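An overview of the molecular structure
Here's the letter readout for the chains.
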Amino acid sequence: MSAADTTTPAKVPPPRQAPPPAAPDAPRRPRAKGAAGTPWLLLAPCLLVLAVVMGYPLVRLVTLSFQKFGQSQLWGFQPAESAGFGNFTKVLSDGEFWQVVLRTIVFAAGSVIFTMVLGMLIALLLQRVSGWVRTLINIALVASWGMPVIVATTVFKWLFDSDYGVLNAVLSKLPGVDLIGHNWFASGPQGLAVIMLLVVWGAVPFVVITLSAGLTQVPKELEEAARLDGAGAWGVFRFVTLPILKPIIVMLTTLSVIWDMGVFPQVFVMRNGHPEAEFQLLTTYSYDRAFVVNDYGQGSAIALITVVLLLGVVAVYMRQMLKIGEVE
């Protein structure tokens with residue numbers, strides 16, 4: 001037997017089969033005529049309502065801000081005269097206006113910070129209580145959120161009243177504290193702190209409910225993995241919970257800034273319809289110039305400047321949301 005007969009013949013791999021030809025793409029159905037305009041047709045009623053409810057007042061506001069418009073023009077005794085940028089020049093060159101702007105920014109910043117911090121703490125607490133306690137707290141939050149602003153303001157006026165206020169009586173029972181007859185509105189900072197507390201009290205329920213819904217979307221697996229890696233409660237919140245809640249926090253913060261810079265009834269009612277100079281915010285200052293001084297042109301200019309400031313806040317919000325969308 002030869003060596004050739006004893007060797008094992010090499011296995012020849014089977015020939016590769018050519019892949020089957022790809023199936024031709026199904027022909028796309030031509031878009032029906034008018035399909036592109038269907039969304040706009042559905043949005044038309046809403047856009048029409050917005051144009052009527054918001055469009056005309058905004059156009060009228062811009063028009064008045066460039067006119068000399070007082071009580072004589074309001075009653076039709078004299079025609080409205082163009083003032084150009086005169087109203088804006090008077091407003092921007094007035095030192096009192098810039099004090100009001102600074103006061104409004106500080107008031108809004110303090111309200112937003114306290115609202116977001118307190119709302120986050122309560123939302124985190126709701127994740128660690130039993131179901132019936134969570135239900136009771138949610139009922140209380142919704143009840144306080146649904147309370148009309150005028151009613152809530154009246155309640156706070158009674159709580160902080162200098163003669164019959166419950167808060168002064170309760171705090172005076174503490175050792176070394178005597179607040180009987182104390183007037184919380186004798187100075188601007190104290191009075192604005194009370195109004196800020198009222199604003200925070202009314203805004204916290206919405207923040208808590210929204211953040212509680214967002215916390216349900218945080219994966220428990222990520223939190224458990226962070227704990228196994230040695231992260232404490234603060235580490236889990238900072239590196240796991242907070243990044244996931246960032247879009248919600250940005251949205252709530254922006255809305256809170258807009259709402260708190262537009263606070264009007266709380267200040268107006270708390271000061272009995274006549275806010276003193278130390279209590280003036282941009283909204284009440286614009287109202288005072290228009291309906292107390294009867295200079296509607298200057299009041300409209302102040303309101304328009306407020307709108308521009310709020311548009312800046314909205315622009316920052318949109319930029320942050322676009323960045324979040326790019327990261328995701």
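One structure accompanies this document, and this report is about it. Position labels on residues start from 1 in each chain and follow its written sequence. The model is predicted, so local features are restricted to residues of pLDDT at least 70 and side-chain atom pairs to those at 80 or more, both for listing and for counting; the totals for chains, interfaces and linings are taken over all residues. Water and hydrogen atoms were dropped before computing side-chain values, which therefore reflect all heavy atoms in the structure.

Before going further, it helps to examine unusual backbone geometry. Look at Asn272: it is not a glycine, yet its phi comes out positive at around 60 degrees. With a phi angle near 65 degrees, Asn294 is a residue other than glycine that sits in the positive phi range. Each helix corresponds to a stretch of at least 4 residues labelled H or I by DSSP, and each strand to a stretch of at least 2 residues labelled E; elements are numbered beginning at the N terminus. Positionally, Asn294 belongs in the loop between α13 (282-292) and α14 (296-327).

Here we take up the side chain of Ser256. Locating Ser256 in the fold gives a position in helix α11 (residues 233-261). For Ser256, a relative accessible area of 4% gives the class buried. With residues near it in sequence (within four places) discarded, Ser256 still touches Val112 and Met116. For the exposure calls, accessible area comes from a 1.4 Å probe over protein chains only, and a residue counts as buried if that area is under 20% of its type's maximum, exposed if over 50%, partly exposed in between. Residue contacts are counted whenever heavy atoms from the two residues lie within 4.5 Å of one another.

On to the nonpolar core, then. Judged by nonpolar contacts, the single largest core of 33 residues is most densely connected at Phe97, Leu211 and Leu282. Broken down by secondary-structure element, the contributors of at least two residues to this core are α4 (86-92), α5 (95-126), α9 (188-215), α11, α13 and α14. The residues contacting Phe97, other than those within four sequence positions of it, are Val91, Leu92, Leu282, Tyr285, Ile302 and Ile305. Among buried residues, the Ala, Val, Leu, Ile, Met, Phe, Trp, Tyr and Cys ones that are joined through side-chain atoms within 4.5 Å form a nonpolar core.

The next subject is the packing of aromatic side chains. A pair of aromatic rings is counted whenever rings of Phe, Tyr or Trp (Trp by its six-membered ring) have centres within 6.5 Å, and the orientation is called stacked for planes under 30 degrees apart, edge-to-face for over 60 and tilted otherwise. Overall, the coordinates contain 17 aromatic pairs when judged by the stated rule. When the ring of Phe85 is compared with that of Phe88, the centres are 6.3 Å apart and the planes differ by 50 degrees; the resulting orientation is tilted. Classification of Phe85 as exposed rests on a relative accessible area of 59%. Summarising the aromatic geometry, the rings of Phe156 and Phe160 are spaced 6.1 Å apart at their centres and angled 20 degrees between planes, so their arrangement reads as stacked. As far as burial versus exposure is concerned, Phe156 and Phe160 are alike and both buried. Among the aromatic residues, those joined into a cluster by ring pairs are Phe69, Phe264, Phe268, Tyr287, Phe291 and Tyr296. Two conditions define a charge located above a ring, namely a distance within 6 Å from the ring centre to NZ of Lys or CZ of Arg, and an angle within 35 degrees of the ring normal. Above the plane of the ring of Phe69 lies Arg60, whose end atom (NZ or CZ) is 5.6 Å from the centre. Seen from the ring of Phe279, Arg271 lies directly overhead, with NZ or CZ sitting 5.0 Å from the centre.

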